[in-house]
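# Structural characterization, general
These are the residues of each chain, in order.
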Amino acid sequence: MSKNKGSESVKVVVRCRPLNQREESNGPAGGIVQMDLRLGQVILRNPRAPASEPQKTFTFDAVYDANSKQRDLYDESVRPLIDSVLAGFNGTIFAYGQTGTGKTYTMQGAWMDPEKRGVIPNAFDHIFTHISRSQSDKQYLVRASYLEIYLEEVRDLLDPKHGNARALELRESPESGVYVRDLTSCVCKSIKEIEEVMNMGNQARAVGATDMNEHSSRSHALFLITVECSQPGPDGRKHIRVGRLNLVDLAGSERQAKTGVQGERLKEAAKINLSLSALGNVISALADGRSSHVPYRDSKLTRLLQDSLGGNAKTVMVATLGPSSQHYDETLTTLRYANRAKNIQNQPRVNEDPKDALLREFQREIARLRAQLNHRKWRSKQKKEQVDGEGWERDGDEETEGEEEEEEVVEKEAEEYVKLEEQRLEMEKEAIRGDQFMLAEEKQRLLGEKERMMGDLRKEQEATEQLTAKYKAMESKLLVGGKNIIDHTNEQQKMLEMKRQEIADQSRSEREIQQQMLAQDEETLELRETFTSLQQEVEAKTKKLKKLYAKLQCIKAEIQDVNDEHVRSRQELEQTQNELTRELKFKYLIIENFIPPEEKNKIMNRLTFDPEEDQWKFQPLVPAESKSSQMKKRPTSAVGYKRPISQYARVAIAMGAHSRYRAENIMFLELDMTPPNTASLDRSAEAEPNQSHSLDNSPTKDRGVRKSRSWCQTPKSMASSSSNVSLAACHTATPMAAQ
Ligand code: ADP
Ligand code: MG
C-alpha cells in the first residue's frame, strides 16, 4: 500500500436483500429495485407513479443484488480496506439503512455458516491470516473493543458491569483523535479469542435490552480493532505502524413515529434519531464542500466517526435496501443519503510511530523481564561453575547469533545447578546425622542451617519460575509473523485466495472503466458524429434532444421530490416543536402556580449549562474550595450580652429585681478576704473614726462563699471596694478587736 498523502473519496456500495416471505405473499408487485451490476447502478421504480414517469438511477462504487454472496462483497469492497489497516491506515466500514434491510446480516451474518459469514468475521480471518503469513521480523499486537451508543450514551459492552456502569465520556487528543475514556480493550492472540470478545459484547447487548430487535434498531454498535505492527526500518530501528479499524452497525434509519408521545418518551424519541440526523448533517456539510462548519459535535456518533468522515481514514459505506414497494420512501432516502456520501473527501495517512503505541510498552516490558531472568540464570550458572571448579568468563558485549541456543544451555545448566545443590545439601545433612562424634546441639544447629539453605534455594527457584511465566505470558501476546498460527493456511488455499482477489480487482476496475466510458460517451458523441445529410443531422439532434428532455424531466422530478421531502421533514420538526412547546407550557404552569417565586429564583441562580454533557446542572451550594471550613459562624448575640435576651428581662435586670432574670453569673466565686483576728495594740487607730466606720461594713457578716449582687454589677467597683477593705484591714485594728 502506498503512503498516499492525497485525498480519496468515501467508497459507497449498495446492497439489496431478497424479498422475504411476508413481502412475497403480499402480492405480485415484486421488487422496486433493479440493479446493473456491471455499471454499478441502482434503478428505483416508484410504485405510485404512472409508468411513463422516468425511473430514478443512482451510480455507486459497487452494487450487490439479492443474489450477491457475502464473500463477493468482502473481496471486492472490504478486503482492500483491511489491507490498508494492516499497513497502518485508519479504516471504517459502516452499514446504513432501514431496520430489517440487512445491516447486521452484512456486518455479522451467520457465524456458523462459512458462506454467510459477514464482514466482521471475514475481517478477523483476514487479519490473523495476514499476520501468520507475514515475515518473521514483524511483530504484531491486536486488540479489540466493543461499544454501543444508545440514547446518546456511550456504553462499554466488554465491561462486566455493563448493565449498571455509567456512560463513558468522549475525549480528544492530538495523537489519536477522538477516543472513549476508560474503554475496555482486550489483547487478542487468535481468531478464536477475538470471536470470544465479539460474543461477549453481543451477549451484553442482548442482556441490556429487553426487546432485542427494538433495542438494536435504536442503538449503534461499534467494534474497534487496533493492529500495531513493529518492523525494522532501513535505519535499523524498529518502527511501529498503527491501524485502527471501526466496524459500525448503525441504528435503523427509518423515522420513528413521534406523534402523541409525551414527557420521557418524547425526549427519548427526540434522541433516537439525533445521531442519525446529525450524521446526515455532517455528510451534507462535507459533501457540499462549501460550508466551513461541520457539526461533528452535535452527537456522540458523529464525534466518534469524525476521522472517518472527512478526516484521517479510509471509509466504506454499505447502504442496505429492501426491495419491497411499501418502503419506497425510505429506500429513496437511503439512496440519496448514500449518493451524497460519495462526495466526501478523506485524507488518509499511515500512522507511523505514534507516542501512545501499546506495542512499544510491551516490547520494553518484555526486554526488562528478559534481562532480569537472564541475570538470575547467569548467576546460577556461575555458581555451578564455581562448584565444578571451572573458571568462567562471559563475553558480555558480544551478541552472538546463537544467542538463543546459548540461552538454552544456560537455562539447562542453571537447572542442573539447582539439582546438584539440592543433592549436595541432602548428602551433607545425611553426613551430619551420621556423625557420632558431634554433639547433639551442634548437629541440630548444622542441620537447621542446611534446611535454611535448602529453603533459600527453593525460594530462588520459585521466583525464577514466576518470572519465566510472566515473561512467557507477555511474549505470547505479541504475534510474530512467519509462525503458523492458523492451521489451514496451506499453499493451495493461498493461491485460491490470490486468484479470488485478482478476479475481484478485475471486476472492480472493469466497472470503473465502464462508468468512465459512459460519462465520456455523452460528451464525445457529438464530436465523433459526422453528418452526411441534413436529414440525418436532424434525426440525430432530435434523438439527443429527446434524451436531454428525459434527463430534464428526471431532474425536475428530483427537485420536486427533494422539495416534498423538505416540506415533510419541516412538518415533522414543527410537530415536534409543538409538542415540546406544549410540554413546556405545562411545566411553566406548575412552576408559576406551585413553586414560590423566591424558591424558583434560588434554583435558577444555581443552574448552569454543561455543553460537554448537554445538560443543565446544579452548582454546589458550598463552593468547592471552602469545603474544609463548612461550619457556619454563630450569629452574634444582642449587643453587650452573651446571649440573646428579652426586653422585659433587660428592664428587670436594670431594676435589680428577681434573681430569675439573672441569666448568667449567678454565682460569684471570688475569694472572701477574711478579716484579721489578731488584736492590734496600736491605739492610734482610735483617732480615725471614719475608717473604723468603714470597717464596720466589712463582709464579716456573710462569711464563706458570697453571692454576687448581680452579674450586671461592674466588676471594677467590686474590686475597688474589696481592695479598700483589705487595705483598711491591714492598716487598722478592727473595731471588734478594739472593743
Ligand atoms: P437490520 O440489521 O438492518 O435491521 P438484519 O440484518 O437483521 O437487518 O436483516 C433482517 C433479515 O433479513 C434477517 O433475517 C436476515 O437474515 C435477512 N437478510 C438480510 N439481508 C440478507 C441477504 N442479503 N440475503 C439473505 N437474507 C438477508
Ligand atoms: Mg440490525
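What counts, and where the lines are drawn
- Along each chain, residue indices are assigned from 1 in the same order as the chain's sequence is written.
- In the order they appear in the text, chains get letters beginning with A and ligands get numbers beginning with 1.
- Given that the model is predicted, a residue must reach a pLDDT of at least 70 before its local features are reported, and side-chain atom pairs must reach 80 or more before they are shown or counted; all residues, however, enter totals for whole chains, interfaces and linings.
- Side-chain metrics rest on all non-hydrogen atoms present in the structure, leaving aside hydrogens and water.
- At least two bridges found by DSSP between two strands are what make those strands a pair.
- Numbering of helices and strands runs from the N terminus; a helix is a DSSP stretch of H or I covering at least four residues, while a strand is a stretch of E covering at least two.
- Note on method: axes are straight lines fitted to C-alpha atoms, helices fitted across the in-contact stretch only, with angles between N-to-C directions ranging 0 to 180 degrees.
- Here, residues are in contact when the closest pair of their heavy atoms is within 4.5 Å.
- One heavy atom suffices: a residue is near a molecule or strand as soon as one of its heavy atoms comes within 4 Å of it.
- Within 3.5 Å is the distance limit for a polar contact, defined as a pair of N or O atoms, with the added protein rule that one can donate a hydrogen and the other accept it, and that residues adjacent in sequence qualify only through two side-chain atoms.
- Exposure was quantified through the Shrake-Rupley algorithm and a 1.4 Å probe, taking into account, for residues, occlusion by the shown protein chains and nothing else.
- Three classes are used: nonpolar for Ala, Val, Leu, Ile, Met, Phe, Trp, Tyr, Cys and Pro, charged for Asp, Glu, Lys and Arg, and polar for all others, with Gly counted as polar.
- Along the chain, pLDDT gives the predictor's confidence residue by residue, from 0 to 100.
- Throughout this description, buried means an accessible area under 20% of the type-specific maximum (1.4 Å probe, protein chains only), exposed means over 50%, and partly exposed covers the range between.

The next subject is the sheet that holds strand β4 (residues 41–44). Within a beta sheet, neighbouring strands are joined by backbone hydrogen bonds and run either parallel or antiparallel to one another. The 3 strands lie next to each other as β3-β4-β5, forming an open sheet whose pairing is antiparallel. In this open sheet, the two edge strands, each paired with only one partner strand, are β3 (33–36) and β5 (56–59). This sheet shows a mean twist of 20 degrees between the axes of neighbouring strands, independent of strand direction. With 4 bridges connecting them, β4 and β5 associate as antiparallel partners. The residue of β5 that forms the bridge with L44 is K56. In this fold helix α10 (residues 328–341) packs onto β3, β4 and β5, with an angle of close to 35 degrees to the strand it touches most, β5.

Taken together, R15, R17, P18, Q98, T99, G100, T101, G102, K103, T104 and Y105 make up all the residues around ligand 1. Residue G102 places a main-chain N or O atom 3.2 Å away from an oxygen atom belonging to ligand 1. In the environment of ligand 1, an oxygen atom lies 2.7 Å from a nitrogen or oxygen atom belonging to the side chain of T104. Protein chains bury 65% of the 560 Å² of accessible surface belonging to ligand 1 in isolation. No other element matches the 3 residues that helix α3 (residues 103–107) contributes to the shell around ligand 1. Residues that form the shell around ligand 1 fall into these classes: 2 nonpolar, 6 polar and 3 charged.

The next point concerns the confidence of the model for the chain. Within the chain, residue pLDDT values average 78, and 76% of them lie at 70 or more. This model gives residues 390–401 a pLDDT under 50, and the stretch forms 7 contacts once residues within four places in sequence are excluded. Overall, residues 685–739 carries pLDDT values under 50, and its contacts beyond four positions in sequence, including any with other chains, amount to 41 contacts.

The element strand β15 (residues 314–321) is largely enclosed, with a buried count of 8 among its 8 residues. Along β15, one buried face is formed by K314, V316, V318 and T320 and the opposite face, lined by T315, M317, A319 and L321, is buried too. Judged from the 6 bridges that link them, strand β2 (residues 11–16) and β15 form a sheet pairing that is parallel. Note on β15: the bridge partner recorded for V13 is V318.

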